[in-house]
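Observations on the three-dimensional arrangement
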Amino acid sequence: MKTIDKIPTGKIERASQLVKTGIKVGGNYVAYYGEKIVNPKLNRDKLNENNAEDIYDGLKNLKGSALKVAQMLSMDKSIMPQAYVDKFSLSQFSVPPLSAPLVRKTFKKYLGKYPEEIYDSFTPDAVNAASIGQVHKATKEGKNFAVKIQYPGVSESISSDLALVKPFATRMFNLKGKDSEKYFQEVENKLLEETDYILELKQSIEVSDWCSKIENLRFPNYYPDLSSEKILTMEWINGEHLSEFTAHNEDRLKGDKLGQALWDFYMYQMHHLKQVHADPHPGNFLVDKEDNLVAIDFGCIKHVPDEFYFPYFEIARPEIIDNPIVFNEKLYELEILRSDDSKEELAYFTKIFHDLLSLFTKPFHGEYFDFSDEVFFGKIAQMGEDFAKDSKLRKMNGNRGSKHFLYINRTFFGLYNLLHDLKARIDTRTFEKYIS
């Protein structure tokens, strides 16, 4: 794979790259509509493929928060067209890496030595490259290490990157009013945390210790003396990414075993720790040779305050969903309904969220759930399509819900999709045995 010798870090440089990408996408639309005049039956598949290709190509060299947004979007298979999911999912662990000279320069700056002075061996080429950092393999005194190196300028460019995409996001999600700023601030804060490898080291060690009791779940060891604010060193664990495993696995029992570990891991964090690994994409999990699940990235941890946790999970209970008065109270607590809503908006959003939550919370309604259920995921996909086509929804204030929804909903969308890929059949209550 071609390597990168320089990443644009200045606001003007990065804006110029995004403008170039926008021009390409505009050209794709012109070509599409021109061809559609000749062939009225033409669908949007080719347009989506071309746009996904051009957008990804534009973002992959910028790296950082711009590429991280693409990664987040790729997790939502129920809303994004498949062409975008396929292309953006590459940002999870397969983007152009930094060149060897730039890697050596980063080591010298943040650890005071070049990699060959620290390790017995160090692969000059990255074995994985994602949105914020890339991973190299190293050895020292008979131990194998995975060394994650952060791309230069990532943390410094987050604010300016988000400022560039804010106008598009505001229109796309129909955000209105001053309160919309809380969503952008939440994203900026979490992205800044992800660029703090000292914080990630602390979170990695803590979560690994707290969750070590969960069956069929492994974590690498971490090495503070070989880490810094931009370099993170951990134990190398052989395995394949979860998406690689699910692509060939035909053993339902293995899928069940891994899925149960994944479910218990997330439910234990959510219900006991009140904080959760909020980046559940396939690049953050490995499957080892004993078919254990290996969690390898803790840069994005979302803390769940009680004032959000309690109404969020209360509203998942059928007896709450089916009680109009209590259900309405919970919608206000979660900031889904607003005091300034019109009668039309109150009725409209109450119905939308009743339909949405009645479906999306089904895995919590019993002691067992089969995530291979195509009917369940088909209904979620259809609901996403209906929302996208709803002209009435676009006319109303889309500024809905607590800021905590952003990462908690992202967590559950990602978790559901991973469990669906595994075709896992889950006992939804086994995590409770770890909370004694």
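Throughout what follows, the structure given in this document is the object of discussion. (Residues numbered from 1 in each chain as written. Predicted model: local features only at pLDDT ≥ 70, side-chain atom pairs only at ≥ 80, totals over all residues. Heavy atoms only, no water.)

**Quick notes on helix 9 (residues 197-210)**
Side chains of residues three or four places apart in an α-helix project in the same direction, reflecting 3.6 residues per turn. For helix 9, with 14 residues, the first-to-last C-alpha span of 20 Å sits near the 20 Å given by 1.5 Å per residue. The complete set of buried residues in helix 9 reads Tyr 197, Glu 200, Leu 201, Gln 203, Ser 204, Val 207 and Ser 208. (Helix = DSSP H or I, 4+ residues; strand = E, 2+ residues; numbered from the N terminus. Expected span 1.5 Å × (residues − 1). Buried < 20%, exposed > 50% of the residue type's maximum accessible area, 1.4 Å probe, protein only.)

**Observations concerning the pattern of salt bridges**
Enumeration over the complete set of coordinates arrives at 20 salt bridges. Residue Asp 297 is joined to Lys 148 by a salt bridge in which the shortest nitrogen-to-oxygen separation is 3.0 Å. A residue pair is termed long-range when its members are at least 10 positions apart, and Asp 297 in the loop between strand 10 (293-295) and strand 11 (301-303) and Lys 148 in strand 4 (residues 143-150) qualify at 149 residues. Of the two residues examined, Asp 297 and Lys 148, each falls in the buried class. Here Glu 314 makes a salt bridge to Lys 330, at a shortest N to O gap of 2.6 Å. (Salt bridge = Lys/Arg side-chain N within 4 Å of Asp/Glu carboxyl O.)

**Side note on the packing of aromatic side chains**
Applying the stated criterion across every chain, the model contains 29 aromatic pairs. Judged by centre distance (5.1 Å) and plane angle (45°), the rings of Phe 360 and Phe 413 are tilted. Taken together, the residues Phe 360 in helix 15 (residues 343-360) and Phe 413 in helix 18 (residues 405-422) connect sequence positions 53 residues apart. Note on Phe 413: relative accessible area 24%, which makes it partly exposed. (Phe/Tyr/Trp six-rings, centres within 6.5 Å; stacked < 30°, edge-to-face > 60°.)

**Examining the sheet that holds strand 9 (residues 285-287)**
Taking strand neighbours across the sheet as the criterion, the 4 strands line up as 5-10-9-7 in an open arrangement whose pairing is mixed. Because the sheet does not close on itself, it has two edges, and the strands there are strand 5 (217-218) and strand 7 (240-241). The sheet contact formed by strand 9 and strand 10 spans 3 bridges and is antiparallel. The partner of Phe 285 across the bridge, within strand 10, is Ala 295. (Pairing = 2+ DSSP bridges.)

**Some remarks on the pairing of strand 3 (residues 133-140)**
Two strands pair when backbone bridges link them, and strand 1 (residues 121-122) and strand 3 are joined in this way by 2 bridges, in the antiparallel orientation. In the strand pairing of strand 3, Phe 122 is matched with Ala 138. Here strand 2 (residues 128-129) runs beside strand 3; their pairing, made up of 2 bridges, is antiparallel. The residue bridging Asn 128 from the neighbouring strand is Val 135, located in strand 3. Sheet analysis places strand 3 next to strand 4, joined by 8 bridges and oriented antiparallel. Among the inter-strand pairings, His 136 is bridged to a residue of strand 4, identified as Val 147.

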